[in-house]
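Coordinates in review
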Amino acid sequence: MRDFASRIAAVSACGFGLSKAATSIGYLSAMGSVTRNVGFVTELWFMLASEAVSLVLAIVVASLAARGHLRPRSIPQWQALLVFFAGFLLSASGVLAPVPEPYSAALLGCIYGVASFLFCITWMEEFAYQDPSDSHKSMVTGLCIQTVLVVVVSMLPGFALTFVAMASAFISVLCHFDIVMRKTGVLGEAAHGELSSACEVFEPVTARAFVAKFGTAFACLFVLVGVVGILHTSVLGSSFEHIVGGVSMWIPLAFATAVTAVAGLAALRLPDPTSVYKAVLPIMLALLTLLPFVGDYLGSLAGGAMIACYDVCGMLFLFFIVDAAHGHRQQSYLLSSVYMGGSNGFLALGLGIGLLVNYLSGDYDISLMTLLAFVAMYPLGIAFVMVMRRSMQGVRPAADGSNLGGQAQAQRLAQDANPSSNGALGRHEQAHEDGSRGDEGAVDNASDSSDVAASIPEERSEVFPVEPDWEAALHSFAERYGLTKRETEICSYLVRGRSAKRIAEELFISENTVWTHTKNVYAKTKVSGKDDLMNLFEDEAFGR
């Protein structure tokens, strides 16, 4: 079975990388209409049209996914291939030659928007159903394939663009089809059972719940996209156009791929997007601060560095989508749609603001670089404030949970385990789960409140003389037992006596997902229940 998974991972890496290469070539060449100046600033109408179409498609797909109306893998990839072929054939055939350039560019942009959107969400959905260790390796390999092909194409004559892009898209679809056929042939009815069970746990999600869970992460990416858009169009027609016009797009792409590959090989669970944002923020702020003074000397270096920062965040965000979708399987199409729609929407907004900045600079004789730095720094700073506020909100509850004294903690643990006080699973529901989940009834043997209260050692009644560092203790505990990011999050609730139902409500996930991660935590720490886990955590983390 492991050999089968390895073959799936290899085919996925090839298909994903070729689809990324195809869409990158289509983007940089405006579907083959630009063969020499490889950069989208020369085809503004192409970009605006593709962003508008992607935004509309994202709204439709996200709405259906949020209501649970999309079955797993229900969107076929061959549709993306047909649309992609149509765009390049229209461009290469000369049919659009009599059409005014803005309209022909907009038409090609609409076609590209549909194809790139479909390629992205179908591959993200496929990776969501693979083991994270396999999917991460496949995605890193795929991004490397994309970079190599884009670099090679930049050295080929213009007519080769169409052939390489179409061939890459065709092979990508074949790889995707091969994966589907392999899984259907090897797993047979089990594969259909997997999809059915996955569909059964699909739950509608409200916009408020989605924003509460993922809003900050998406906001960081969208702000970076918007700032890059502002940079591109604000310098059009000015003496600073070389900042972006002189950038060979494969250079920042290659740098971003290298950084992403290192991050992917260094850790299976990649950094949270907010952490990545905080890492690239100083670079962006430094470049924007220097532009008004040494813009002529920074030249394309500044533009390339900013684009590379955005590319790094965009690539790592794909890993974030797969990780989140793996933990909440019903979220894949939704996460991908919000990613595509939001990115394109904020890029369009940034392009519009950039044009406004260019206009104000020319008409009111304001320094373009000063105005650009002023306008771009505001959204970067606002997003940073959002990140810090969210971080502080996450630290306070953890600190509150760690400061509980003995009697207060015992009372809270008993309340969490008491079905009448907080709606946790009672004996009747636990017996029902024993029948439906087999051995899951033995996973949490702390359902009886009297047993929980009796199992708390006497020494817990003493208040800690020194306030413990809860966050550091949890991090150390997770590293010692090899807990993943999601398992660590679940563990942080378990060691405070939270019930499965309460954890599900606070994290906006199903109880089935909570039970799955809970069993993994118990298995890795070699404990038999919540009480044992709490005792182990206090003994090892706080030296009790």
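On a predicted model such as this, the values are computed, not experimentally measured, just so you know. (Residues numbered from 1 in each chain as written. Predicted model: local features only at pLDDT ≥ 70, side-chain atom pairs only at ≥ 80, totals over all residues. Heavy atoms only, no water.)

**Side note on the overall build of the chain**
Worth spelling out the cut-off: Helix and strand definitions follow DSSP, with helices as H or I runs of at least four residues and strands as E runs of at least two, each counted in order from the N terminus. Only protein chains enter the accessibility calculation, which uses a 1.4 Å probe; a residue is then buried when its area is under 20% of its type maximum, exposed when over 50%, and partly exposed in between. Surface accessibility follows the Shrake-Rupley procedure with a 1.4 Å probe radius. Residue values consider only the protein chains on display as shielding.
On a plain count of helices and strands, the chain comes out with 23 helices and 0 strands. Considering the chain as a whole, with its 544 residues, one finds that 52% of them fall into the buried category. Roughly 23,800 Å² of accessible area belongs to the chain as shown, and the carbon and sulfur atoms make up 64% of that amount.

**A word on the confidence of the model for the chain**
Rules: For every residue, the pLDDT score states the predictor's confidence, bounded by 0 at the bottom and 100 at the top. Any pair of residues with heavy atoms lying within 4.5 Å of one another is described as a contacting pair.
Summing up the model confidence of the chain, the mean pLDDT is 76 and the portion of residues at 70 or higher is 74%. When the criterion is pLDDT under 50, residues 187-201 qualifies, and its contacts beyond four places in sequence or with other chains add up to 17 contacts.

**Quick word on the nonpolar core**
One broad rule of soluble globular proteins: the nonpolar side chains tend to lie buried together. Under the convention used in this document: Nine residue types can take part in a nonpolar core, namely buried Ala, Val, Leu, Ile, Met, Phe, Trp, Tyr and Cys, and a core is a set of them joined through side-chain atoms within 4.5 Å.
With 120 residues, the main nonpolar core has Phe84, Met124, Tyr277, Leu291, Tyr339 and Leu380 as its most contacted residues. In terms of residue count, the dominant contributor to this core is helix α12 (residues 300-327) (16 residues). Sequence-distant contacts of tyrosine 339, that is, excluding residues within four places in its chain, are made with Cys120, Phe218, Leu221, Phe222, Gly314, Phe317, Leu318 and Ile321. Membership of the second largest hydrophobic core comes to 25 residues, among which are Trp470, Trp515, Val521 and Phe537.

**Some points on empty space enclosed by the protein**
Going by this rule: Within this scheme a cavity is a closed region of a 1 Å grid, computed over the protein atoms alone, that accommodates a 1.4 Å probe without allowing it to escape, whereas a pocket is open but has protein on both sides within 12 Å along at least five of seven lines; lining residues each have an atom within 4 Å of a point. Grid points are joined across faces, edges and corners, and a volume is the space filled by probe spheres set on the points.
In the structure shown here, the tally under the stated rule is 9 cavities of 30 Å³ or more. Of the voids in this model, the largest cavity is the one considered here, and its volume is about 880 Å³. Around the largest cavity, the lining comprises 36 residues; the ones closest to its centre are Lys20, Tyr27, Tyr112, Tyr310 and Asp311. Of all elements in the fold, only α1 (2-28), α2 (44-66), α4 (101-128), α5 (132-154), α8 (207-234), α12 and α13 (332-364) reach the threshold of two or more residues within the lining of the largest cavity. Residue contributions to the lining of the largest cavity peak at 7 residues, all from α1.

**A short note on the packing of helix α22 (residues 511-525) against helix α23 (residues 530-541)**
Threshold: Inter-axis angles, ranging from 0 to 180 degrees, are taken between N-to-C directions of lines fitted to C-alpha atoms, where helices are fitted over the stretch in contact. Orientation is classified from the angle alone, with under 35 degrees giving roughly parallel, over 145 giving roughly antiparallel, 65 to 115 giving roughly perpendicular, and any other angle giving oblique. Put simply, a crossing is left-handed when the front helix is turned counterclockwise from the back one by less than a right angle, and right-handed when it is turned clockwise.
In contact at an axis separation of 11 Å, α22 and α23 are set at 55° when each is read in the N-to-C sense. Looking at the two axes, α22 sits oblique to α23. In this structure, α22 meets α23 at a crossing whose hand is left-handed. Contacts from Val521, Tyr522 and Thr525 in α22 reach Lys530, Leu533 and Leu536 in α23.

**So, the environment of alanine 49**
Along the chain, the position of alanine 49 falls in helix α2. Through-space distance from the C-alpha of alanine 49 to that of alanine 105 is 8.2 Å; in sequence the pair is 56 residues apart. Sequence-distant contacts of alanine 49, defined by excluding residues within four places in its chain, comprise Ala106, Gly109 and Cys110.

**Focus on helix α19 (residues 470-481)**
Stated formally: One fewer than the residue count of a helix, multiplied by 1.5 Å, yields its expected span. What the arc describes is the spread of directions from the helix axis to the C-beta atoms.
For α19, spanning 12 residues, the distance from its first C-alpha to its last is 17 Å, which sits close to the expected 16 Å at 1.5 Å a residue. The set of residues buried in α19 consists of Trp470, Ala473, Leu474, Phe477, Ala478 and Tyr481. Seen along its axis, α19 keeps its buried residues to an arc of 130°; they face one direction. Within α19, the exposed residues directed more than 90 degrees away from the buried face are Glu471 and Glu479.

**Looking at the pattern of salt bridges**
Stated precisely, the cut-off is as follows: What makes a salt bridge here is a side-chain nitrogen of Lys or Arg within 4 Å of a carboxyl oxygen of Asp or Glu, nothing more.
Under the definition given, this model contains 3 salt bridges. A salt bridge links glutamate 489 to arginine 486, with the nearest nitrogen and oxygen atoms 2.7 Å apart. Linking glutamate 489 with arginine 486, this pair stays in helix α20 (residues 485-494), spanning 3 residues, or about one helical turn. Taking the relative accessible area as the measure of exposure, glutamate 489 reaches 26% and is therefore partly exposed. Residue arginine 486 is classed as buried on the basis of its relative accessible area of 10%. One salt bridge in this structure joins lysine 524 and glutamate 487, with 2.8 Å as the shortest N-O distance. Of the two residues, lysine 524 sits in helix α22 while glutamate 487 sits in helix α20, which places them 37 residues apart along the sequence.

**Some words on unusual backbone geometry**
Look at alanine 30: it is not a glycine, yet its phi comes out positive at around 50°. Looking at the element boundaries, alanine 30 is found in the loop between α1 and α2.

**A look at the packing of aromatic side chains**
Counted only if it meets this: Each Phe, Tyr or Trp ring (for Trp, its six-membered ring) is paired with any other whose centre lies within 6.5 Å, and the angle between the two planes then decides the class: stacked below 30 degrees, edge-to-face above 60, tilted in between.
Here the structure, examined in full by the defined rule, presents 17 aromatic pairs. Each ring, one from phenylalanine 210 and one from phenylalanine 214, has its centre 5.2 Å from the other, and the planes form 50°; the classification is tilted. In this pair, phenylalanine 210 and phenylalanine 214 both sit in helix α8, 4 residues apart, roughly one turn of the helix. The buried category is assigned to phenylalanine 210, whose relative accessible area is 11%. Its relative accessible area of 6% is what places phenylalanine 214 among the buried residues. Measuring from centroid to centroid gives 5.1 Å for phenylalanine 374 and tyrosine 378, while their planes differ by 75°, and the two rings are edge-to-face. With phenylalanine 374 and tyrosine 378 both in helix α14 (residues 368-402) and 4 residues apart, the pair spans about one turn of that helix.

**With respect to the environment of proline 72**
As for its position among the elements, proline 72 is in the loop between α2 and α3 (78-93). Residue classification places proline 72 among the buried residues on the basis of a relative accessible area of 7%. For the pair formed by proline 72 and tyrosine 333, sequence separation is 261 residues and the distance between their alpha carbons is 8.7 Å.

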